[in-house]
Amino acid sequence: MKAMILAAGKGTRVRPLTYDVPKPMIPVLGKPVMAYLIEHLARCGVDEIMVNVSHLHEKIEEYFGEGQQFGVRIGYSFEGYTDDKGEVVPVPLGSAGGMKKIQEFGGFFDETTIVLCGDALIDLDIKAAVEEHKRKGAMATVITKEVPWDKVSSYGVVVTDADGRIQRFQEKPAQEEALSNFASTGIYIFEPEVIDLIPSGTEFDIGSDLFPLLAEKGLPFYAQGRPFEWIDIGSITDFWTVLQSVMQGEVESLKLPGKQVADGVWVGLNARIDWEGTTIEGPVYIGSGAHIEAGCHIVGPTWIGHGSHIVGGAEVVRSMIFEYTRIAHDVEIEDMIVFKDYCVSRDGEMRHISDCTDTIWGNARDRRIARRA
């Protein structure tokens, strides 16, 4: 079975994380979200995967390679060009345009293929979904989930008949204009004929262009509503919420790594905790090589990335501290994501380290900061 993972977007709603990593590489429990996706595809019998890439493409390609460690074969399609200075310029073609480029280059879509966004955690029974798709004689199928009405503007929504055939598709409608609250999960099943409908050499999107076209032409275009876990990382607020849920054990398929050393406290290899005057209220994960000095107060759900340094007197509450971050003496971090030169509140308010008059956080590997902290 074949699959394509859509991974060419810039991930603007997850900035500042995507300033440095492409959206599919955003870590959940220390592992890129796309790695969970590929592992699930492999378990479901998918052994050939194409990935379209553009923004920070080299980080995806270097991590996943040709897929041997996952037991699959992975190929890549880069969307962009090299300019006169020899610099790579990413130019996304849109999700459908990316499929067309792949088809024209090598004819990858020669059988029923599942297409997925690379920024969600799922446990969908893919084989059952493909079987239903074929049983109905569908040309295209969208896997859907019911979402709250106040969230419909973040998704494409479908209107179906009693048999699940899609009559209309709306891409991210305003709440007052939405005709349904059944949202596309970014998981699709396509027959090769669908690719023939996509124009060549132009930006063309699955939700905005291809799906309305399928509905307008009255082609066999279906929705499937299935019970499965779907955790979408659409925005920085979603990311904070997802990690909080995962840390609290609300996602059954994901377990905290490391070794449990106290009630609700897990640590990676060679982590150091100075317990004198330190209180840790789980769930808390402290990554490999991290150092928690005496007198710290840490309240979960909190993730402290590998190589980080929490200086004595600091308080970290319900926060995600990325790798090699130093939290300075007596600083309080609450409901925050701290990522390199940025910190972001749970509601998406972003602050750069240069906006701070005092050293609140910094690079744990920078000895100059160590002397000031």
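Structure shown above.
Attention here is on the structure that accompanies the text.

What counts and what doesn't
All residue numbers refer to position in the chain's written sequence, counted from 1. Two thresholds apply to this predicted model, a pLDDT of at least 70 for residue-level local features and 80 or more for giving and counting side-chain atom pairs, whereas whole-chain, interface and lining totals are computed over all residues. Note: side-chain values were computed over all heavy atoms of the structure, leaving out hydrogens and water. Residues are said to line a cavity or pocket when one of their atoms sits within 4 Å of a point; the points come from a 1 Å grid over protein atoms alone, cavities being sets where a 1.4 Å probe fits but cannot get out and pockets being open sets with protein on both sides within 12 Å along at least five of seven lines. Grid points are joined across faces, edges and corners, and a volume is the space filled by probe spheres set on the points. What counts as a helix is a DSSP run of H or I of at least four residues, what counts as a strand is a run of E of at least two, and both are numbered from the N terminus. Three categories are distinguished: nonpolar for Ala, Val, Leu, Ile, Met, Phe, Trp, Tyr, Cys and Pro, charged for Asp, Glu, Lys and Arg, and polar for the others, with Gly belonging to the last. Strands pair, by our definition, only if DSSP identifies at least two bridges between them. By the criterion used throughout, a crossover qualifies as right-handed when its path from the first strand across the helix to the second strand runs clockwise, the strands pointing away from the viewer. Pairs of residues are marked as contacts when any of their non-hydrogen atoms sit within 4.5 Å. To obtain each axis, a line is fitted to C-alpha atoms, and for helices this fit is confined to the stretch in contact; angles are then taken between N-to-C directions over 0 to 180 degrees. Each reported salt bridge corresponds to a side-chain nitrogen of Lys or Arg within 4 Å of a carboxyl oxygen of Asp or Glu. A 1.4 Å probe rolled over the protein chains alone gives each residue an accessible area, and that area as a share of the maximum for its type sets the label: buried under 20%, exposed over 50%, partly exposed in between.

## Remarks on the layout of surface pockets
In step 1: The computed volume of the largest pocket comes to approximately 1000 Å³.
In step 2: Every element with two or more residues in the lining of the largest pocket is listed here: strand S1 (2-7), strand S12 (166-171), strand S13 (182-190), helix H7 (206-217) and strand S15 (230-232).
In step 3: Looking at the lining of the largest pocket element by element, the count peaks at four residues for S13.
In step 4: Looking at the lining of the largest pocket residue by residue, the class counts come to 13 nonpolar, 15 polar and ten charged.

## Observations regarding the environment of Lys-10
In step 1: As for its position among the elements, Lys-10 is in the loop between S1 and helix H1 (17-20).
In step 2: Between the alpha carbons of Lys-10 and Lys-23 there is a distance of 7.1 Å; along the sequence they are 13 residues apart.

## Description of empty space enclosed by the protein
In step 1: Taken as a whole and assessed by the stated rule, the structure comprises one cavity of 30 Å³ or more.
In step 2: Within this model, the largest cavity holds a volume of roughly 30 Å³.
In step 3: What lines the largest cavity is Leu-37, Leu-116, Cys-117, Ala-120, Ile-122, Thr-185, Gly-186, Ile-187 and Trp-230.
In step 4: Going through the elements one at a time, strand S8 (113-117), strand S9 (120-122) and S13 are the ones with two or more residues in the lining of the largest cavity.
In step 5: It is S13 that contributes the most residues to the lining of the largest cavity, three residues altogether.
In step 6: In the lining of the largest cavity, the residues fall into seven nonpolar, two polar and no charged.

## What about the pairing of strand S5 (residues 73-78)?
Within a regular strand, side chains alternate between the sheet's two faces.
In step 1: Looking at chain direction, strand S4 (residues 48-53) and S5 are connected through six bridges and run parallel. Paired with Val-53 across the strands is Phe-78, a residue of S5.
In step 2: The parallel pair S4 and S5, bridged by helix H3 (residues 57-64), forms a crossover whose chirality is right-handed.

## Here we look at unusual backbone geometry
In most cases, non-glycine residues show a negative phi, while peptide bonds are predominantly trans.
In step 1: The peptide bond linking Gly-282 to Pro-283 adopts the cis configuration, its omega dihedral lying at 0°.
In step 2: Relative to the helices and strands, Pro-283 resides in the loop between strand S19 (279-281) and strand S20 (284-286).
In step 3: The linkage connecting Gly-300 with the following residue, Pro-301, adopts the cis geometry, with an omega of 0°.
In step 4: At Asn-270, a position not held by glycine, the phi torsion is positive, near 65°.
In step 5: With respect to the helices and strands, Asn-270 occurs in the loop between strand S17 (265-267) and strand S18 (272-273).
In step 6: In this structure, Asp-335 is a non-glycine residue whose phi angle is positive, near 55°.
In step 7: With respect to the element layout, Asp-335 can be found in the loop between strand S28 (332-334) and strand S29 (336-339).

## Digging into the sheet that holds strand S23 (residues 302-304)
In step 1: Strand order in the open sheet formed by eight strands is S16-S17-S20-S23-S26-S29-S30-S31, and the pairing between neighbours is mixed. In this open sheet, the two edge strands, each paired with only one partner strand, are strand S16 (259-262) and strand S31 (350-352).
In step 2: Against the sheet, helix H8 (residues 236-247) makes contact with S20, S23, strand S26 (320-321), S29 and strand S30 (342-345), and its axis sits at roughly 105° relative to S29, the strand it touches most.

## Quick word on the pattern of salt bridges
In step 1: Applying the stated rule across the entire model yields nine salt bridges.
In step 2: Here Asp-110 and Lys-2 are joined by a salt bridge, their closest N and O atoms 2.8 Å apart. You can see Asp-110 sitting in the loop between helix H4 (95-106) and S8 and its partner Lys-2 sitting in strand S1, a full 108 residues away along the chain.
In step 3: The partner of Arg-318 in a salt bridge is Asp-335, and the shortest N-O contact between them spans 2.8 Å. Of this pair, Arg-318 sits in the loop between strand S25 (315-317) and S26 while Asp-335 sits in the loop between S28 and S29; the two residues are 17 residues apart in sequence, bridging distant segments of the chain.
In step 4: By relative accessible area, Arg-318 is classed as partly exposed at 26%.
In step 5: The class of Asp-335 is buried, set by a relative accessible area of 12%.
In step 6: Sharing partners across several salt bridges, the network here consists of Lys-2, Glu-48 and Asp-110.

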